[in-house]
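Secondary and tertiary structure notes
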Amino acid sequence: MTTPECYACSKEARIDELPPRECVAHDQHWRVAHAFNTAVPGWLVLLPRRHVAAVHDLTDAEAAALGMWQVRLSRALRSVTGCAKTYVVQFAEAEGFAHVHFHIVPRMADLRPEHRGPRVFELLGRPEQEHVSADRADQAAQSIRAHLQGPRM
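My aim in this report is to walk through the structure given alongside it, one point at a time. (Residues numbered from 1 in each chain as written. Predicted model: local features only at pLDDT ≥ 70, side-chain atom pairs only at ≥ 80, totals over all residues. Heavy atoms only, no water.)

Bringing the overall build of the protein chain into the picture now. Counting its secondary structure elements, the protein chain contains 3 helices and 5 strands. Listing every helix and strand of the protein chain by position from the N terminus yields α-β-β-β-α-β-β-α. Taking 15 Å as the expected radius of gyration for a compact globule of 153 residues, we find that the protein chain reaches 15 Å, a close match to that expectation. Its C-alpha atoms put the protein chain at 40 × 40 × 30 Å along the principal axes. Each of the 153 residues in the protein chain was classed as buried or not, and the buried ones make up 43%. Sequence-distant contacts, at least 24 apart, represent 57% of the contacts inside the protein chain between residues at least 6 apart. Of the accessible surface of the protein chain, which amounts to about 8400 Å², a share of 52% is contributed by carbon and sulfur atoms. Between the centroid of the 18 positive side chains of the protein chain and the centroid of its 18 negative side chains there is a distance of 9 Å. (Helix = DSSP H or I, 4+ residues; strand = E, 2+ residues; numbered from the N terminus. Rg over C-alpha atoms; globule rule 2.2 N^0.38 Å. Buried < 20%, exposed > 50% of the residue type's maximum accessible area, 1.4 Å probe, protein only. Contact = heavy atoms within 4.5 Å. Areas by Shrake-Rupley, 256 points an atom, 1.4 Å probe, with all protein chains shown as cover. Lys, Arg positive; Asp, Glu negative; His and termini not counted. Charge placed at Lys NZ, Arg CZ, Asp CG, Glu CD.)

Structure, rendered in structure tokens:
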């Protein structure tokens, strides 16, 4: 079930029409998108394909797939971006974004100390001139998609 006033659910209804940045990959339970309004290329968001407001409401099948997605996306980001590690974070509290979603953020080796850890969120919602462009997000999405479709470890 989807909820029309939910941003994530509004995208789900048109999944086959979404640009690469809004549907990097998906399976029956999860969809991966490139974050918007971010200054970090490769900042991904992992969303359940049905409306879920809290982690404890995930089905067992969704929960089983969650860990696999988090690890696969972290590996893909490491391969594609060369990041030192990834941050995996979940809040789902912002107005219009109460749909459970996990941020999977590539933490580059040269990320300034003042943006490490939870302060990485200062790089989300930056002024428009700092945003990763739609073209660059699509390119990152296509590179990550290609990595995900390659041989598994």
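From this point, the narrative continues.
Following the sequence through the fold, L58 ends up in the loop between β3 (44-48) and α2 (60-81). L58 gets classed as buried once you look at its relative accessible area, which sits at 12%. Sequence-wise, L58 and P48 are 10 residues apart; in three dimensions their C-alpha atoms are separated by 8.4 Å. In contact with L58, other than residues within four places in its own chain, are W30, P48, R50, V52, A63 and L66.

Here the focus is the layout of surface pockets. Roughly 620 Å³ of volume is contained in the largest pocket. Lining the largest pocket are 32 residues; nearest its centre among them are Y7, A35, F36, V45 and F97. When residues of the lining of the largest pocket are traced back to their parent elements, those giving at least two are α1 (7-12), β2 (30-34), β3 and α3 (134-149). When its residues are assigned to classes, the lining of the largest pocket shows 17 nonpolar, 10 polar and 5 charged. The space that makes up the second largest pocket amounts to roughly 230 Å³. Taken together, 13 residues form the lining of the second largest pocket, with A39, V40, P41, M108 and L111 sitting closest to its centre. Broken down by class, the residue content of the lining of the second largest pocket amounts to 8 nonpolar, 2 polar and 3 charged. (1 Å grid on protein atoms, 1.4 Å probe; cavity = no way out; pocket = protein on both sides within 12 Å on 5 of 7 lines; lining within 4 Å. Points joined across faces, edges and corners; volume = space filled by probe spheres on them. Nonpolar A, V, L, I, M, F, W, Y, C, P; charged D, E, K, R; others polar.)

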